[in-house]
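Overview (structure and organization)
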Amino acid sequence: MADTRSDRAATRWSALFGGCALRRHQPLLALLGVVCVGTGIAVAVLVPETDGPAWVMAVAGCLAAGVLLLVRIGIALLRPGGGATP
């Protein structure tokens, strides 16, 4: 017979490290997404545009990383069950 989650002893370590990362670290990941968007905006404003394509790629990369992370967290929160599945 297979060992199921209900058969295992619920210890502090298994509760801490059980489940998926998105469920455990949503506030930290949301903060990281906001920091990425803020970095993209700061780079767009503070760095001169004379750097050419590197400047555009840095801004686009920072904004895309932050927006994708925030959208992923939003989708996980809107799922039935209120979060990501383990």
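Residues numbered from 1 in each chain as written. Predicted model: local features only at pLDDT ≥ 70, side-chain atom pairs only at ≥ 80, totals over all residues. Heavy atoms only, no water.

**Comments concerning the overall build of the protein**
Our working definition: To qualify as a helix, a DSSP run of H or I must reach at least 4 residues; to qualify as a strand, a run of E must reach at least 2; elements of each kind are numbered from the N terminus. Remark: exposure states derive from per-residue accessible area (1.4 Å probe, protein chains only) relative to the maximum for the residue type, with buried under 20%, exposed over 50%, and partly exposed in between. Here a residue-residue contact requires only that any non-hydrogen atoms of the pair lie within 4.5 Å.
On a plain count of helices and strands, the protein comes out with four helices and zero strands. Starting at the N terminus and ending at the C terminus, the protein contains elements arranged as α-α-α-α. By the burial criterion, 14% of the 86 residues in the protein qualify as buried. Taking all contacts inside the protein whose residues are at least 6 apart in sequence as the whole, residues at least 24 apart take part in 59%.

**Some points on helix 3 (residues 26–46)**
An α-helical segment advances 3.6 residues per turn. Residues three or four places apart therefore align on the same side. Applied cut-off: In this scheme, a helix's expected span is set at 1.5 Å multiplied by one less than its residue total. What the arc describes is the spread of directions from the helix axis to the C-beta atoms.
For helix 3, spanning 21 residues, the distance from its first C-alpha to its last is 30 Å, which sits close to the expected 30 Å at 1.5 Å a residue. Within the span of helix 3, buried status applies to Gln26, Gly33 and Gly40. One side of helix 3 holds all its buried residues, which, seen down the axis, span an arc of 50 degrees. More than 90 degrees from the buried face of helix 3, the exposed residues found are Pro27, Leu28, Leu31, Val45 and Leu46.

**Things to note about a nonpolar patch on the surface**
Heads up, the condition is: Within this analysis, patches are made of residues with over 30% relative accessible area and no salt bridge. Like charges are joined at 9 Å or less; nonpolar side chains (Val, Leu, Ile, Met, Phe, Trp, Tyr) at 5 Å or less. Accessible surface area values rest on a Shrake-Rupley calculation with a 1.4 Å probe, where residue burial reflects the displayed protein chains alone. A pairing counts as a salt bridge when a side-chain nitrogen of Lys or Arg comes within 4 Å of a carboxyl oxygen of Asp or Glu.
A cluster of nonpolar side chains, namely Ile41, Val45, Leu46 and Leu63, defines an oily patch on the protein surface of about 410 Å² accessible area. Considering each element in turn, the nonpolar patch owes the most residues, three residues, to helix 3. For Leu46, the location among the structural elements is in helix 3.

**A few points about the packing of helix 3 against helix 4 (residues 53–78)**
Where we set the bar: Throughout, an axis means a line fitted to C-alpha atoms (over the contacting stretch in the case of helices), and angles, computed between N-to-C directions, take values from 0 to 180 degrees. When an angle is under 35 degrees it counts as roughly parallel; over 145 it counts as roughly antiparallel; between 65 and 115 it counts as roughly perpendicular; any other value is oblique. A clockwise turn of the near helix away from the far one marks a right-handed crossing, whereas an anticlockwise turn of less than a right angle marks a left-handed crossing. Each residue is assigned to one of three groups, with Ala, Val, Leu, Ile, Met, Phe, Trp, Tyr, Cys and Pro labelled nonpolar, Asp, Glu, Lys and Arg labelled charged, and all others, Gly among them, labelled polar.
At their nearest, the axes of helix 3 and helix 4 sit 8 Å apart, and the two run at 155 degrees to each other. In terms of orientation, helix 3 and helix 4 fall into the roughly antiparallel class. As helix 3 packs across helix 4, the resulting crossing turns out to be left-handed. Of the residues belonging to the contact of helix 3 with helix 4, the class tally is 21 nonpolar, five polar and no charged.

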